[in-house]
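# Survey of secondary and tertiary structure
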Amino acid sequence: MRAVIFVLLCCSPWGASSTWAVIETYEFSSPDLERRYHALSQELRCPKCQNQNIADSNAPIARDLRVVLYEQLQAGASDDEILAFMVARYGEFVRYRPGMDRNTVLLWAAPGLLLVLGAMGLFAHFRQRSSQVHAALTDSEKSEIERLLQEPRA
Amino acid sequence: MIPELGHVSLIIAFVLAIGLAAVPMWGALRRDIAAMNTAPSLAVGVTVFVGIAFALLAVSFLQDDFSVAVVAANSNSLLPPIFKFSAVWGNHEGSLLLWVLILSGWMTAVAYFSRGLPLVMVARVLSVMGMVAVGFLAFSLLTSNPFERLLPNTPLDGNDLNPLLQDPGLIIHPPLLYMGYVGLSVPFAFAIAALMGGRLDASWARWSRPWTNVAWGFLSLGIMLGSWWAYYELGWGGWWFWDPVENASFMPWLMGAALVHSLAVTEKRGVFRSWTVLLAIFAFSLSLLGTFLVRSGVLTSVHAFAADPERGLFILIFLALVVGGSLLLYALRAPSVASRVAYGAVSRESLLMVNNLVFIVSTVVVLLGTLFPLIMDAFSLGKYSVGPPYFNAVFVPLMALLMPFMAVGPLSRWREDSARRWLHELLVPGLGVMVVAALLGLLGKAAFNIWIAMAVLLSGWVALGVIKDGWRRLSSGMTSGLQWRRLSPSFLGMALAHLGFAGVVLGAVVVTQESEEHDLRMALGDSELLGAYRFELQSLGQQAGPNYLADQAVFEVSRNGEPIAILVPEKRRYFASGQIMTEAAIDASLWRDLYIALGEPIGDNAWAVRLQYKPMVRWLWLGSLMIGFGALVTVFDRRYRSQAVRNPVPQTGAKAVAS
Amino acid sequence: MQAKKFIPLLAFVVLAGLLFRGLSIDPSELPAARLGQPFPEFSQPELSTGREVSVEALAVRPALVNVWATWCYSCRVEHPYLIALAQQGVPIYGLNYKDDSAKAREWLTQLGDPYQLNIADVEGSVGLDLGVYGAPETYVLDADGVIAHRHVGVLSEEVFQRDFSPWFSLGASLSEIHGEVGVE
């Protein structure tokens, strides 16, 4: 739903004649290459566009990068080699899946870290609360309360 | 004249909103009954005048008054009337007016349905909503006046509505989404009012709960419609892109999901009060944050407005006042003494907190991913992009983690339960789904897919948990036979939403794993096999629409020689803007969609064509519909029917009442 | 009152500060990935002469490398300013990017030629190695042949004075000499 607020398209950067689907008819030497082509073209960001992968963009540079991607795949390059090639020319910006580096450690670690911290907090909380459950329920305490309530006030 | 009347009407609404923000609040402070009593009438007054302004803007669109700047920029005399009407909110200024209209609509609804509530509560709630209205009306009047004229150089015709927006889905999608976004202001206002009054109890939770459920239900429906629209209109066949603007609507939804569940605990058990208040503040804050992200241009999105720092600064200041003020109030007034109610680590309370944990971590992760490029940029650490691969990688495990607990939750008891009892209740469903998943792996024609097996396992687990719970309700009790009356709207809503969630997960995994796509050149008479389906290009032609000319290709789809459907994808050129649009043709069914989109013509009578087979893609939207309607259904529960002041706190959890 | 209850407020203050900073950042501005690296190797015909040139041909340094094409409207806008710069003695190499060479030669004949030489990059391969994503773009090649700066979009006197002065110090303002040249 690339569009939640397409309402906002009002002053959209999608210029005239740029909103048709990109459909190209590459012939791949194997279905595996075709699969990798689709995966990589969706993982690479078009450097010029607002926020589109090169698979969906009609920008000329996106078209060029698709050609490069196709040629490199056919030439037998690995995914990592292709990504390195793109990053060398267009920077980390072109990767929708940021590589692990000093800056992105937090980004990648955050979900696990938050979950563990949260779970520890919850666990501590419940241990404390559940001790109250039993504390509040012991029969001796109940009878103690009864006794106190029935005691005539001084 | 009409635009000027609209402008005046908007100014009157602004003045009334200031009154609403000030007078009842002052009355609540001084215990002045007359001042507090003005709240409902002022709320209605704001609604009436915003309504008039909105209607007059709509009239300007319908009458093709191109002297009005937004009409000239977003409409055209050839545009069909229904799209002239929806063009009112197909732009920044008009959509802001819709925002305020919906906000005032919610205020009126609160005024109407809360007559049984303590006056001071109603006065504060409406006053807080009035403050929000003041901010947005000021925003509209000062930076984004929808009635601005282009005089004396009035254009002869308008620029036309963006063709992407000329679609029935887009007529109802923004209003639904805004109903959700803005509706979250109601639990927010209740939370603020409760903090002010120092009365943060279970009755507060019971009052704000139906509003939260309704708002969240609308938000679910709005998001679902957007996803569906993107699927059929953009020609890519994708249904979720993790674009910042999508995330802006998804974060309030995630936080809302946590709030809906946390309110259940607070209402039933009177615990987690501070926590629930905080979630109510967060949920609406994320709505406002979304508005900021979308309209300020700090993030690049396919559909953000043109960057306007002035507007951005205005919303940011407003955001700081509303959110900062609320959180300060929270810090000062939220009860710091934990409630004395006790519960065990194995209880419904604990399960609902697991839900909260997962949804909040999800929200933070989506927020972090969305803002990460901005954070790096702000500290000059480089340019990064965070896109679908990241979000999928972190979001899928989080949802998978949630699901095992989802089946147990509805069956579990408040206060203290036992794992042994859970095992007893869920042994049969658990074994059942394992057998189904295993059979699927063994019998499936395609190769065993671990992801689909997992999805079947988890979704089946959730669904069977719900069904088991329903069965238990129906069959338990003194009398024999099925007790249909035991299925309260609360239970039915929950069941519907949980089943819907299971459906969405299953659909999402299957369509992601098993979709087939083929881009190829097809000439007249060519045919192509995709899976079991044969697509034959039978004819090519042209068709004129009201404001466009379309190239059409007629495909016959057949399976095993049996014709299934005739599909006619189009490529349209719109006259006014010269924009070209792909109109995909889709043969939809419960188990699979067949999807054809046209690319560009290649040579004589040949086109670049995209054929797609999308199994179970409908489950995404059917499931979302169930989530949305489920949330709406809960409002019909008997206990919300009269919002009179009663003592609603059941102190013992022995009765496992529907949440 | 507990300190713990101020955590959400504090978190929000940090967030609001970030968003405020965000208002003054242009998210679409993209620094060149090749900054600090030598100009990439290439072997392409020169536009006018047709002889093969390589990176050694970019010998006069520091210099500008200007990416242009006849299909690029903004390139026409900045062209007069490039001519003014060349007259001031700033060496400019052209990268004729994904263009029709005949049209490009005609353009230079009609509008004047500010370039020392032009790399005819018909396929866009030099542009790709350089990380070009559109035209016009202008790079600074410093005395060591290292890419030191990139400007995306129309080069104007204002931009030049602001961003390019570390490498090229021009005495007087060009517009004082030539009248109003630059962006139209």
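A few points on the structure. What you see is a predicted model, and the numbers here were worked out from it, not measured in a lab. (Residues numbered from 1 in each chain as written. Chains lettered and ligands numbered in written order. Predicted model: local features only at pLDDT ≥ 70, side-chain atom pairs only at ≥ 80, totals over all residues. Heavy atoms only, no water.)

## A word on the overall build of chain A
- For chain A, the count of helices and strands is 5 helices and 0 strands.
- In chain A, buried positions account for 50% of the 154 residues.
- Partitioning the contacts of chain A with sequence separation of at least 6, the portion at a separation of at least 24 is 52%.
- A total of about 7800 Å² of accessible surface is found on chain A, and carbon and sulfur atoms cover 58% of it. (Helix = DSSP H or I, 4+ residues; strand = E, 2+ residues; numbered from the N terminus. Buried < 20%, exposed > 50% of the residue type's maximum accessible area, 1.4 Å probe, protein only. Contact = heavy atoms within 4.5 Å. Areas by Shrake-Rupley, 256 points an atom, 1.4 Å probe, with all protein chains shown as cover.)

## Thoughts on the pattern of salt bridges
Residues and elements named next belong to chain B.
- As enumerated under the stated definition, the model contains 23 salt bridges over all chains in all.
- Here Glu 93 makes a salt bridge to Arg 311, at a shortest N to O gap of 3.2 Å. A residue pair is termed long-range when its members are at least 10 positions apart, and Glu 93 in helix α5 (residues 92-113) and Arg 311 in helix α12 (residues 309-333) qualify at 218 residues. Across the pair, exposure class does not vary: Glu 93 and Arg 311 are buried alike.
- A salt bridge links Glu 267 to Arg 209; the nearest nitrogen and oxygen atoms lie 2.4 Å apart. Here Arg 209 lies in helix α9 (residues 202-233) and Glu 267 lies in helix α10 (residues 244-269), a separation of 58 residues in the sequence. (Salt bridge = Lys/Arg side-chain N within 4 Å of Asp/Glu carboxyl O.)

## A word on the state of the cysteines
Residues and elements named next belong to chain C.
- Enumeration over the complete set of coordinates arrives at 1 disulfide over all chains.
- The partner cysteine of Cys 72 in its disulfide is Cys 75, sulfur to sulfur 2.2 Å. In this structure the cystine formed by Cys 72 and Cys 75 twists about its S-S bond by roughly 95 degrees; its chirality is therefore right-handed. An identical accessibility class is assigned to Cys 72 and Cys 75; each is buried. (Disulfide = S-S within 2.5 Å.)

## Some details on the sheet that holds strand β4 (residues 92-97) of chain C
Residues and elements named next belong to chain C.
- Taking strand neighbours across the sheet as the criterion, the 5 strands line up as β5-β4-β3-β6-β7 in an open arrangement whose pairing is mixed. The open sheet is flanked by β5 (118-121) and β7 (147-152), the only strands paired with a single partner. Going across the sheet, the axis of each strand differs from the next one's by a mean of 20 degrees, ignoring polarity.
- Pairing between strand β3 (residues 63-68) and strand β6 (residues 137-141): 5 bridges, direction antiparallel. Each bridged residue has a counterpart across the sheet, and for Asn 66 the counterpart in β6 is Thr 138.
- With respect to the sheet, helix α2 (residues 73-87) is in contact with β3, β4 and β6, its orientation differing from that of β3 by roughly 160 degrees.
- Packing against the sheet, helix α3 (residues 101-111) makes contact with β3, β4 and β5, and its axis sits at approximately 120 degrees to β3. (Pairing = 2+ DSSP bridges. Axes fitted to C-alpha atoms, helices over the stretch in contact; angles between N-to-C directions.)

## Thoughts on the interface of chain C and chain B
- Listed per partner, the contact involves 22 residues of chain C and 32 residues of chain B.
- Summed over both sides, the interface between chain C and chain B buries roughly 2200 Å², with carbon and sulfur atoms accounting for 80% of that surface.
- When residues of chain C are sorted by the area they lose upon contact with chain B, Lys5(C), Leu19(C) and Leu23(C) head the list and together hold 29% of the total.
- Where chain C packs against chain B, one counts 0 salt bridges.
- On the surface where chain C and chain B come into contact, there are 1 residue pair in polar contact (both at pLDDT 80 or more). (Buried area = accessible area lost by both parts, 1.4 Å probe. Polar contact = N/O pair within 3.5 Å; in protein donor to acceptor, adjacent residues only side chain to side chain.)

## Considerations on the sheet that holds strand β1 (residues 516-523) of chain B
Residues and elements named next belong to chain B.
- Sheet architecture is open: 4 strands sit in the order β1-β10-β9-β8, paired in antiparallel fashion. Across the chains shown, the open sheet's two edge strands, defined by having one partner strand only, are β1 and β8 (585-588). Across the sheet, the mean angle from the axis of one strand to that of its neighbour is 15 degrees, orientation sign disregarded.
- One ladder, built from 8 bridges, connects strand β9 (residues 592-601) with strand β10 (residues 606-615); its direction is antiparallel. Bridge pairing in β10 links Tyr 595 to Gln 612.
- Contacts from α9 reach β8, β9 and β10, with the element oriented near 50 degrees to β9.
- Helix-sheet contacts for helix α17 (residues 489-514) involve β1 and β10, and the interaxial angle to β10 is about 140 degrees.

## A look at the packing of aromatic side chains
Residue and element names in this part refer to chain B.
- Tallied over the entire structure, the rule returns 40 aromatic pairs over all chains.
- With a centroid separation of 3.9 Å and 15 degrees between ring planes, the pair formed by Trp 99 and Phe 136 is classed as stacked. Of this pair, Trp 99 sits in helix α5 while Phe 136 sits in helix α6 (residues 119-143), and the two are 37 residues apart along the sequence.
- Phe 136 sits in the buried class, given a relative accessible area of 2%. (Phe/Tyr/Trp six-rings, centres within 6.5 Å; stacked < 30°, edge-to-face > 60°.)

## Topic: the packing of α6(B) against α12(B)
All names here are of chain B.
- Between α6 and α12, the least distance of the axes is 11 Å, while the angle of their chain directions is 165 degrees. Considering the angle they form, α6 stands roughly antiparallel to α12. Crossing hand, α6 versus α12: right-handed. For the pair α6 and α12, the contacting residues are Met 131, Val 132, Gly 135, Phe 136, Ala 138, Phe 139, Leu 142 and Thr 143 in the first and Glu 310, Arg 311, Phe 314, Ile 315 and Phe 318 in the second. (Parallel < 35°, antiparallel > 145°, perpendicular 65-115°, else oblique. Left-handed = near helix turned anticlockwise from the far one by under 90°.)

## Remarks on the packing of helix α16 (residues 450-475) of chain B against α17(B)
Residue and element names in this part refer to chain B.
- Packing of α16 against α17 brings their axes to within 9 Å, and their N-to-C directions diverge by 165 degrees. One way to sum up the angle between α16 and α17 is to call them roughly antiparallel. The handedness of the crossing between α16 and α17 is left-handed. Between α16, through Trp 451, Ile 452, Ala 455, Val 456, Ser 459, Val 462, Ala 463, Val 466, Asp 469, Gly 470 and Arg 473, and α17, the contact on the second element is made entirely by Phe 491, Met 494, Ala 495, His 498, Leu 499, Ala 502, Val 505, Leu 506, Val 509, Val 510, Gln 513 and Glu 514.
- In terms of residue class, the contact of α16 with α17 is made up of 16 nonpolar, 4 polar and 3 charged. (Nonpolar A, V, L, I, M, F, W, Y, C, P; charged D, E, K, R; others polar.)

## Quick notes on the environment of Phe272(B)
- Its location among the elements puts Phe272(B) in the loop between α10 and α11 (273-296).
- Separated by 69 residues in sequence, Phe272(B) and Val341(B) have C-alpha atoms that sit 9.8 Å apart.
- Excluding residues that lie within four positions of it along the chain, Phe272(B) makes contacts with His125(A), Val265(B), Thr266(B), Tyr343(B), Glu349(B) and Met353(B).

## Thoughts on the environment of Pro166(C)
All names here are of chain C.
- The topology assignment puts Pro 166 in the loop between α5 (157-164) and α6 (174-178).
- A relative accessible area of 60% places Pro 166 in the exposed class.
- Residues Pro 166 and Asp 142 lie 24 residues apart in sequence; the distance between their C-alpha atoms is 10.0 Å.

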